[in-house]
Amino acid sequence: MIEIKDLHKAFNGNIVLDGVSFTVEEAENMVVFGRSGTGKSVLLKCMIRLMEADSGDVIISGQDVTKLKLKELNELRKDIGFLFQGAALYDSMSVRENLEFPLIRNFKLSQVEMDKRVNKVLEAVSLEEAIDKMPSELSGGMRKRIGLARSVITNPKLMLYDEPTTGLDPITSKEISSLIIDLQHAFKMTSVVVTHDLLCAKIIADRAIVLNDGKIVAEGDIKNLVTSEDPLLKNFFSDEIIEENNGRVQ
Amino acid sequence: MNSVLHIFVKVKDHFIINQKLNLNITSNTDKFLTRTEKSVTDFFEMIAGLFQFSFKFLKEIFIPPYEVEQIRKHMIELGMKTLPIVGVTGFILGLVLAMQLSPVLKRFGAEAFLPGSVGISIVRELGPVICALIFAGRVSSGIGAELGSMRVTEQIDAMEVSGVNPFRYLVVTRVFATTFILPILTVYVIFISLIGAYIAVVLVQNMTWDYYLDRVIFAVEFGDAIPGISKTFVFGFIVGIVGAYKGYTADSGTEGVGKASTSSVVVSSLLILIFDMVLVKLTLWLWPTVK
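Note that the structure is predicted; figures quoted are calculated from it, not measured. (Residues numbered from 1 in each chain as written. Chains lettered and ligands numbered in written order. Predicted model: local features only at pLDDT ≥ 70, side-chain atom pairs only at ≥ 80, totals over all residues. Heavy atoms only, no water.)

Participant: For this particular structure, what's the right way to read the overall build of chain A?
Facilitator: A tally of regular secondary structure across chain A gives 9 helices and 10 strands. In summary, chain A has a C-alpha radius of gyration of 18 Å against a globular reference of 18 Å for 250 residues, a match within 12%. Dimensions of chain A, computed from C-alpha atoms along their principal axes, come out at roughly 55 × 45 × 35 Å. Looking at the 250 residues of chain A, the share that counts as buried comes to 53%. Sequence-distant contacts, at least 24 apart, represent 69% of the contacts inside chain A between residues at least 6 apart. The centroid of the 31 positive side-chain charges in chain A is displaced by 4 Å from the centroid of its 39 negative side-chain charges. (Helix = DSSP H or I, 4+ residues; strand = E, 2+ residues; numbered from the N terminus. Rg over C-alpha atoms; globule rule 2.2 N^0.38 Å. Buried < 20%, exposed > 50% of the residue type's maximum accessible area, 1.4 Å probe, protein only. Contact = heavy atoms within 4.5 Å. Lys, Arg positive; Asp, Glu negative; His and termini not counted. Charge placed at Lys NZ, Arg CZ, Asp CG, Glu CD.)

Participant: Just checking my understanding: could you explain the interface of chain B and chain A for this structure?
Facilitator: Reports often express the size of an interface as the amount of accessible area lost when the parts come together. Contacts between the two partners involve 14 residues from chain B and, on the opposite side, 20 residues from chain A. Summed over both sides, the interface of chain B with chain A buries roughly 1,500 Å², with 54% coming from carbon and sulfur. When residues of chain B are sorted by the area they lose upon contact with chain A, B:Glu154, B:Gln155 and B:Val161 head the list and together hold 37% of the total. We note a salt bridge from B:Glu160 to A:Arg77, for which the minimum N-O separation is 3.8 Å. (Buried area = accessible area lost by both parts, 1.4 Å probe. Salt bridge = Lys/Arg side-chain N within 4 Å of Asp/Glu carboxyl O.)

Participant: Explanation requested: the pattern of salt bridges in the structure shown.
Facilitator: Two side chains carrying opposite charge are able to pair once their charged atoms lie near each other. Enumeration over the complete set of coordinates arrives at 24 salt bridges over all chains. Two residues, A:Asp64 and A:Lys67, come together in a salt bridge whose shortest N-O distance is 3.1 Å. Judged by relative accessible area, A:Asp64 falls into the buried class, the value being 17%. Notably, a salt bridge pairs B:Lys38 with B:Asp42, separated by 3.0 Å at the nearest N-O pair. Remark: B:Asp42 and B:Lys38 occur in helix H1 (residues 2–60); sequence separation between them is 4 residues, near one turn of the helix. Residue B:Asp42 is classed as partly exposed on the basis of its relative accessible area of 36%. Salt bridges sharing common partners tie together A:Glu28, A:Arg207 and A:Glu219.

Participant: Any chance you could explain the pairing of strand E4 (residues 55–60) of chain A here in plain terms?
Facilitator: In the case of a regular strand, side chains alternate between the two sheet surfaces. Residues and elements named next belong to chain A. With 5 bridges connecting them, strand E1 (residues 2–11) and E4 associate as antiparallel partners. The partner of Ile4 across the bridge, within E4, is Val58. Where E4 meets strand E5 (residues 63–64), 2 bridges bridge the pair, whose relative direction is antiparallel. By the bridge assignment, Ile59 is partnered in E5 with Asp64. Where E4 folds back on E5, the antiparallel hairpin that results is connected by 2 residues, among which Ser61 adopts a positive phi of roughly 50°. (Pairing = 2+ DSSP bridges.)

Right under this line is the structure:
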């Protein structure tokens, strides 16, 4: 489904991605771990060409994203959902308009079909009552849920999540993680999740990679990574475990 | 011997102090030059960016889908938002202009020319420019802040990811709306200004509205109105494109939004005045009858 080959990205000489390569199989949930500033979000944005990589290839569904023309890229993007860190809901539109926006622009659906899809995703995120609210009236967790609903409304084959649980309390964070898994099963999607939340990763991940200084330093099953004797991983995950033990909900 | 040594120490100290002062002057000069160099570079980068942005606009405007509904929405929204403030400004402008001109014309025994001179001033220059400047202050900053905030909260990225061209949806529609709503607002401002001027005229002269209007229409030629109104299309474009450019390219953070909003007003107002100068010269050159 996804193949990243030798991806490089630097900002003003500061290397952020330094030859990142990995693959994600169809219907797999891949979690990208790493401390803040290690290039996780940049990796995600390069995958969908919100940022241009300096070199390397990003192959999604057999197409090299880095070489696609804008029109072809936009066609491919219709099959990709992206949940932004702050949900990125359109402030000037109501929840309904936010959800209808990608449908109106990309699909020729009747109003009845659109309503059906809107109700389906709102039901999936348990926020049917928020349909006519404005984003400013929603809490952080609700915004994330609506953002998630907007991302999956087009039935994407691939979902990219940028820190889906950042800024949320532990309970909401766990709910969002579970919701991601439920939606993944319901919509049969492949997912790449960027996070530094171990709890979220434990719920979601089939496989994980750890980024450090722009390079992949470990790859494999999340349980193996957490129990690894590698000093870097030990240090990274021990901090997370301390955070968990300091009051996170298991 | 001691006094010689004392003098030597004094001279040495003086030399060191001077050297230190010189060093400070040099470092301050360096800082000033670096700052100036940066400002000049930033300015030219902005101009180049604006040109590039404008070319992109001209390219995108012809590519479907045409966001007619969005353009209509922005035209109504921006027009309604600016209508009261330009109306009040226009009224005061006409009133004050007539009040100021009246004693001056009286001095030369040319009071009868008051409606005509006020009309020409408002139609040819003051109405379009004042309206454009007020519009820039109200709308350009609004567009800059709105798009800037969409940029920093990743709403523009979200639009791009969902396969929608955000430039066409957000920029083209707004610039199109500002370009075509400003001339309409200008006609309104001219009309309100003439009413304001009439009130001032009535205060000093016994003149009916019909006579006043007749004098204005007699003085203002078609050749005065067309260039005056036409240049507001350019001003409207400037207001829209500068606001959109500043917002669309805003730096991250709330500071970036603030900067986008403020600099939109400054740059668009400055460009309106510069283009006014160029367009007046161009009009006089291309259309000598309006001399």
